[in-house]
Amino acid sequence: MTNGNSNGKRILALAIGLCVSGGVLAQATTGGIFGQVAAGQGDSVSIKSGSGLSREVPLDDKGRYSIAQLPLGTYTVTLQRQGQAVETRDNIAIRVGAGTEVSFTGAVAAQNLSGISVTANALPAIDVSSVDSRTVVTADQLAKVPLGRSSEAIALLAPGVVNNGGSFSGPTGQSLVSFGGSSASENAYYVNGFNTTDPLRGFGGLTLPYGAIDQQEVYTGGYGAAYGRSDGGVINVVGKRGTNQWHFGTQVLWEPAFARARQRDRFYESGLPATPVAGNLYAADSEDRSWTTTVSAYAGGPLVKDKLFLFVAGEYERQEGNTVNPVSGFLSGKPYVAYRQNDPRWYAKLDWNITDNHILEVTGASDKYDSSGTIYRYDYANRVQGARIGADDDIKSGGDVYTAKYTGYLTDALTLTAQYGRMKTSDYDVPGGYDPSLTYVDGVTNQNPALNGGVGRGNRQTIVSLVDPGRGNRTTNTRIDLSYKLGDHTLSAGIDNQTAKALNQGSNSSGPGYYWAYDQADPNTPLSTGLGVPATAGFPNGAQGYYVVKTVANSLATVRSSQRAQYIEDKWQVSDRWLLSIGLRNDQFRNYNADGQAYITQHKPQWAPRLGFAWDVNGDSSFKIYGNAGRYYLGLPLNPSLNAAGAYVSTSQYYTYGGIAADGTPTGLTAMSGPVSANNAFGILPDPKTVSTQNLKSEYQDEFILGFTKTAGSDWVYGAKLTQRVLRSAIDDYCDIDRVLAKAQSLGYDVTTASNPVSCWLFNPGKANTFTLVDTSGHYVSVPLSNKEFGFSTLKRKYYGLETFLEHPFDGRWYGKLTYVFSRSYGNTEGQLRSDLYRESRGTGQTAVSTTQDWDNSWIMDYSNGAQNNDHKHQLKFFGYYQLTPEWLVSANLSLIAGAPKPCLGYYGPDRADPAGYGNSYHFCFGEPSPPGSQGRLPWIRQLDLGVSYRPAFAASRLAFNANVFNALNEQRVLAIFPNGESSPNKANPLYGTPTSRQLPRYVRLSVSYDY
């Protein structure tokens, strides 16, 4: 029984804990310990970690103590009186970004609590010291729950996090995720406090070997002012460190081919192409095979006891198999590929306790991917591999990170941290067996059968574009944080500076510098009214609608950016039960073009206020109500420097043809147009002053959260949370040059496309903008356009969600967590990406971050308002494990996710026009308006993963055998489809509705590990 006096003391202890956690920040690598001591029992508290770090702090006049910014690990906490130990608590485990209470009060002190392990699930059950929304997954849980071996797979455990619908992937091939309706490029990724986010497109980040992860935080909202540059979510990985005891371990994992179910074939869903290869078969996915082997090892311990520690880990994953690519599209040049993929990762961390008050950490990590293979011919009708064509591309991506961090406990109240790091990534892609004398030919199934004998003609050229082998990215990050505890206030301030450079990015067309693409259209309908391309019927050999397009696409450049920020924050313990968090962040962004000239400078104050509270309702950590409101800015990635601000070429020229050569190239050409470009992309570097509109605002989002967490008896915790996110500003490109020039001329300015060689302008969509143009005499002029003159509605992306959870903390027998989210994400923009604009050439949605087709012109935005691509109305998740016996453990991971909106895009209006030259990408479906979400939904995504683990007693639980079954029910639900209802005006697209991606089929992972 706890009397009122000790209960009051516990409240005071919790209040101190709130102040402690004030110095613990989102994306941190540390935790804290706090508590209350009964009157007269002691005068100080000392702590000592498993790595020898020790600190001693005096009690205040109310018997309280707090120790913040502690490295993760286990600690011994000792109450002292006059230098003598009074009571000791061992094996206190702290959690990243949180405070752990260890109190020595009267009633508690009478109990024998030595050896207790304190985690976030006990003492207290609810963390009343936090105002953010996050999920923390520990190494112990990673070892028990069946999960994919990536940071994104771990993040999917968090409520409101879903896999992206555009097949977007990170630098080492991992599938990206979406947080709270945002696009997959709007997240931030950290490793040991260093930002590893891809600077080119924001597509993921580097991570650690799976066995080297100590804890992973997944922030779904509400983090403090110390961090920004995300309006999606944050994934923060903290690696393991050495201790005073040496530990070693190794693991072998195997995903055998015989235990992998067959992927289902894909078929043309809307008719057949003109010359079908194998009936209605589009992709023989059931012929794909793969098997994976992974070997990992680690070692950690003291180099000098209590002073110098080392932890190293390595992981090598190899996947082998074959892929049968679809019968049409760009991939038809590689019909059958036998491949080998390697994923080597390593991690090393050196920790030096210079003194008890000064700590130095040095971290190195590498996360890489390489792939090679051999291309073969393939008989799709008989499912038979054919003769060798040549070598596939040699691909190497990923990179290395090196960081150094200093922590100084300058006084009991003042802590200084400083971190500097560098990241180097590569994106090497050299084609195997490339023959520069051959021209790439696409769409061979769309050739006129009267000219090829009914058999599509092509050649051995499998490469459509070439990249510089030296392309890659460089990032540096400098952080300095100062935390000072002043009475009931914990004051923090710091800087967060980052520079990034993209080296030799972009690509050039292969062969002679162009490629050919065959197609067929209604012969009496203009191919593109916006580009001035007429119908084929008026040209020789065009009576049946057959035509061919010569495409030139070139862009190569080195560009850079600078992002800086300053922040100040106060965690104020207003009373024993109320914590108030007040913060302010100021971000500055600058982007440079290929000539090193700044084309975006956003140095005016961009204030991002953060306000949060936590109310310990009962004063005993059994019921917390919390909330926060914040603004989050997102810097522009480097990708727009290559297109909107770059000198890129993207032109098409249309022809009819009278013959087809043996190598598949057209002969007997009749030009239907000159080189045309929907975005005026003719290879001229624009004046940096004219690239973006005046006073361009950064993308930013406002977020509001209100929630509660409550205990139910001694075994359960439950809660609910309401979230609203409103995108206030975005950056995209506007490409209707004629409209802007017409407005300039109406104002009396003499301007032309020659004096303004831009392809598109970067602007803030959905509001008035002022363009800077150059008149024919070389003078700058200002040209304002209202949103009405653009022909746009206001920008809208809104997300709201109700999240609920029920959790059973691990009690020595079982752990389980059930979450349900009801949410909606709607508006007229997905954000920085378009997931539904799938292209076979990329195998993904539109990757032109912040330069999507959205907002390019008024026609492309007609009927664009509706449920967005990352809208999944219902999300139900459960994961947990059960300790059957001391030797046997079973686990499960279940998710039920409502399907995304089903897209249908096409030509503009009932007349199938193409007013902007964007082909079949308008929000019309077979001539009828087709707002997002109006065509129904894709099916629910159901996934059940199961696991079992055996740790035999004869090996002292050091040896473990594991078996995991992923997608145990072999659900292969459709994740995304080809969105274009028409392939050309008035001609149905046979691919419309055909899946572009499905759930992976059932597969098994077997593993054996040994830890010493």
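Notes on the structure in this doc start here. (Residues numbered from 1 in each chain as written. Predicted model: local features only at pLDDT ≥ 70, side-chain atom pairs only at ≥ 80, totals over all residues. Heavy atoms only, no water.)

### Here we look at the side chain of K721
Along the chain, the position of K721 falls in strand β40 (residues 716–729). Polar contacts involving the side chain of K721 include one to the side chain of S133, which spans 3.2 Å. Every residue in contact with K721, bar those within four places of it in the chain, is listed here: S133, T220, Y626, I705, L706, G707, G801, L802 and E803. (Helix = DSSP H or I, 4+ residues; strand = E, 2+ residues; numbered from the N terminus. Polar contact = N/O pair within 3.5 Å; in protein donor to acceptor, adjacent residues only side chain to side chain. Contact = heavy atoms within 4.5 Å.)

### A word on the nonpolar core
Ranked by internal contacts, the top residues of the largest apolar core, which has 34 residues, are L142, L147, I154, V161, L208 and I235. Listed by contribution, the elements that provide at least two residues to this core are α4 (151–155), β10 (177–179), β11 (188–191), β13 (213–221), β14 (234–239), β19 (308–324) and β50 (874–883). Setting aside chain neighbours within four positions, we find V161 in contact with A155, L156, V177, S178, F179, V218, T220, Q875 and K877. Counting 28 residues, the second-largest nonpolar core is a separate cluster that includes Y734, L795, M861 and A916. (Core = buried A, V, L, I, M, F, W, Y, C linked by side-chain atoms within 4.5 Å. Buried < 20%, exposed > 50% of the residue type's maximum accessible area, 1.4 Å probe, protein only.)

### Describing the state of the cysteines
All told, the structure shown has 2 disulfides when counted by the stated rule. The disulfide partner of C735 is C760, and the S-S distance across this bridge is 1.9 Å. Judged by the sign of its S-S torsion, about 105°, the bond between C735 and C760 is right-handed. Taken together, the positions of C735 in the loop between β41 (732–734) and α7 (737–746) and C760 in the loop between α7 and β42 (761–763) put the pair 25 residues apart, joining distant regions of the chain. Each member of the pair, C735 as well as C760, carries the same accessibility label: buried. (Disulfide = S-S within 2.5 Å.)

### Re the sheet that holds strand β4 (residues 64–71)
Strands belonging to one sheet form pairs held by backbone hydrogen bonds; the direction of such a pair is parallel or antiparallel. With mixed pairing, the 3 strands of this open sheet are ordered in space as β4-β1-β7. Sheet topology places β4 and β7 (99–101) at the edges, where each strand pairs with a single neighbour. Across the sheet, the mean angle from the axis of one strand to that of its neighbour is 20°, orientation sign disregarded. Pairing geometry for strand β1 (residues 30–36) and β7, over 3 bridges, is parallel. When the sheet's bridge partners are listed, F34 is paired in β7 with E101. (Pairing = 2+ DSSP bridges. Axes fitted to C-alpha atoms, helices over the stretch in contact; angles between N-to-C directions.)

### Some points on the packing of aromatic side chains
Enumeration according to the criterion identifies 47 aromatic pairs in this entry. Among the aromatic residues, those joined into a ring-pair cluster are Y734, W761, F763, F771, F790, F792 and W855. Over the face of the ring belonging to Y626 we find K624, whose NZ or CZ atom lies 4.7 Å from the ring centre. (Phe/Tyr/Trp six-rings, centres within 6.5 Å; stacked < 30°, edge-to-face > 60°. Lys NZ or Arg CZ within 6 Å of the ring centre and 35° of its normal.)

### Focus on the sheet that holds strand β3 (residues 54–58)
As summarised here, the arrangement of the 4 strands in space is β3-β2-β5-β6, forming an open sheet in which the pairing is antiparallel. The strands lining the two open edges of the sheet, one partner per strand, are β3 and β6 (84–93). Neighbour to neighbour, the strand axes of the sheet diverge by 20° on average, direction disregarded. Two elements, strand β2 (residues 44–49) and β3, share 5 bridges in a ladder whose sense is antiparallel. In the sheet register, V45 faces β3, and the bridge partner there is V57.

### Re the pattern of salt bridges
In total, this model carries 44 salt bridges according to the counting rule given. Among the salt bridges present, the one from D351 reaches K349, with a minimum N-O distance of 2.6 Å. For the residue pair D351 and K349, the accessibility class agrees, reading buried in each case. Residue R834 is joined to D836 by a salt bridge in which the shortest nitrogen-to-oxygen separation is 2.7 Å. The same class applies to R834 and to D836, which are both buried. One connected set of salt bridges, linked through shared partners, spans R229, R479, D481, D496, R585 and D587. (Salt bridge = Lys/Arg side-chain N within 4 Å of Asp/Glu carboxyl O.)

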